[in-house]
Amino acid sequence: MDTGDTAWVLTSAALVLLMTPGLAFFYGGMVRSKSVLNMMMMSLGAMAVVGVLWVLFGYSMAFGADVGGGLLGKPFEFFGLDGLLAADSLFGKIPSTVFVAFQAMFAIITVALISGAIADRARFGPWLLFAGLWATIVYFPVAHWVFDFDGKDEAGNVIDPGGWIANKLLAIDFAGGTAVHINAGAAGLALAIVLGKRVGWPKEPMKPHSLPLVVLGAGLLWFGWFGFNAGSALGANGTAGVTFINTLVATCAAMLGWLLTERIRDGKATTLGAASGVIAGLVAITPACSAVTPVGAIAIGAITGVLCALAVSLKYRFRLDDSLDVVGVHLVGGLSGTILIGLFASEAAPAKINGLFYGGGVDQLWRQAVGAFAVLGYSFVLSLALGYLVKFTVGFRASEEAEVASIDEAEHAERAYEYGSLTSARGTGKPSVAAGATAVLEGSNKK
């Protein structure tokens, strides 16, 4: 065991866990004030459900002995982490439990990402049911495809086969462009179809109720993403350093690309655009951060920032109410980052592969495309089936009355903001101007 590597991966796991509350802030600020708690609770609920399932059988399905030709790990090999708790149980140079903890955070954030596509209209209980089913049937197998590499003996012989994308297709996905972002984006697309449009969309304006919350969430996500990407090196080493820098510069370039697109298209560069550009860049560099140089990372970030800024407006053309642009940012951004590896990969980076622009031909490009679209198709079809299963058994969507009045109160008996009666600072007992304004607002909301 290497204590330095262990310390870094434990730290990275904590950083990745922070991303889910960060996502709750990011998504929560983007919705209307009457549904912010429901939005945030979907992220928190994903943490609870997936965390338990991961320990029981999720880790086994993702990293257990292969039982399906690279499609699935043995589901109950490590049930309840049996056999992994001993001091001498190692994954490489870190304790097995540390690797389990690190990968658990990826499973959690992936499920939470989906919820943004169905903001303002999903019931909480059915969402938890869907989250558990989706994690089991979609995420855990796909994690096996992408993250479970062959175990080999000292002679290089395969003694523990892993997933097909990582080992047979040889597509590069360092930290989850396919398993996390394309996977979640395809599921978000499916659920947006299953639940349909929000009441009043697109005619009624549904602007973010708190841009400061959005920026706070984006900042927490960016901070945690260094653990997401650099932590995937599974060691305090040079690969972690390269991926850390690439994560920084790609995100900066994507923000600039998004803002430039807004400025040309709309005449203004917006705060929401800056925050969205940050997420787009983080998504794109996730699969590519070990395969490209910092210059390549800047190119991938800038291209993806422009593509995602253009993509989010397509939902109006296709009449698809992807509430918080999960499809436009995570699906499009994941596809962009994954496929662009085939163009910008450089043998100067840790992955040691050349893409088309570096003399490597199209060999890596087709591998990236096959991996990306295989995950997209698998996730979309099964997510659609699971969404309809939940819809027609327990009911997925909130009632129109709850959606119009307040889904927070209907689902959680709470409001994000309580406006109590205020008195003047002099203690006269007379309602202040602020209290009068609040009363008017509350009366208007009731109407």
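Residues numbered from 1 in each chain as written. Predicted model: local features only at pLDDT ≥ 70, side-chain atom pairs only at ≥ 80, totals over all residues. Heavy atoms only, no water.

### Description of the overall build of the protein chain
Here's step 1: Within the protein chain, the regular secondary structure consists of 16 helices and four strands.
Here's step 2: Its C-alpha atoms give the protein chain a radius of gyration of 23 Å, within 12% of the compact-globule value 22 Å for 447 residues.
Here's step 3: Its C-alpha atoms give the protein chain principal-axis dimensions of roughly 85 × 50 × 45 Å.
Here's step 4: Put simply, the protein chain has 447 residues, and 54% of those count as buried.
Here's step 5: Within the protein chain, counting contacts between residues at least 6 apart in sequence, those at least 24 apart form 76% of the total.
Here's step 6: Summing over all exposed atoms, the protein chain offers an accessible surface of approximately 18300 Å²; the carbon and sulfur share of this is 66%.
Here's step 7: The protein chain carries 27 positive and 30 negative side-chain charges, and their two centres are separated by 14 Å. (Helix = DSSP H or I, 4+ residues; strand = E, 2+ residues; numbered from the N terminus. Rg over C-alpha atoms; globule rule 2.2 N^0.38 Å. Buried < 20%, exposed > 50% of the residue type's maximum accessible area, 1.4 Å probe, protein only. Contact = heavy atoms within 4.5 Å. Areas by Shrake-Rupley, 256 points an atom, 1.4 Å probe, with all protein chains shown as cover. Lys, Arg positive; Asp, Glu negative; His and termini not counted. Charge placed at Lys NZ, Arg CZ, Asp CG, Glu CD.)

### Quick word on the nonpolar core
Here's step 1: Counting residues in each nonpolar core, the largest one holds 124 residues, and the members touching the most others are W54 and W127.
Here's step 2: Setting aside residues no more than four positions away along its own chain, W127 makes contact with M42, V111, I114, S115, I118, L191 and F396. (Core = buried A, V, L, I, M, F, W, Y, C linked by side-chain atoms within 4.5 Å.)

### Describing the layout of surface pockets
Here's step 1: In this model, the largest pocket occupies a volume close to 1100 Å³.
Here's step 2: Lining the largest pocket are 40 residues, and of these F91, F147, D148, F149 and L234 sit closest to its centre.
Here's step 3: The set of elements that each furnish at least two residues to the lining of the largest pocket consists of α2 (36–63), β1 (90–91), α3 (96–114), α4 (124–147), β3 (151–152) and β4 (158–160).
Here's step 4: At five residues, α3 tops the list of elements feeding residues into the lining of the largest pocket.
Here's step 5: Residue classes in the lining of the largest pocket are distributed as 25 nonpolar, nine polar and six charged. (1 Å grid on protein atoms, 1.4 Å probe; cavity = no way out; pocket = protein on both sides within 12 Å on 5 of 7 lines; lining within 4 Å. Points joined across faces, edges and corners; volume = space filled by probe spheres on them. Nonpolar A, V, L, I, M, F, W, Y, C, P; charged D, E, K, R; others polar.)

### Focus on the UniProt feature "domain: Ammonium transporter AmtB-like" (unreviewed entry) in the protein chain
Here's step 1: Feature annotation in UniProt assigns "domain: Ammonium transporter AmtB-like" (unreviewed entry) to the following positions: residues 7–417.
Here's step 2: The straight-line gap between the two end C-alpha atoms of residues 7–417 is 40 Å; of that span, 66% is helix and 2% is strand. (UniProt positions renumbered as here; feature names shortened; annotations may be inferred.)

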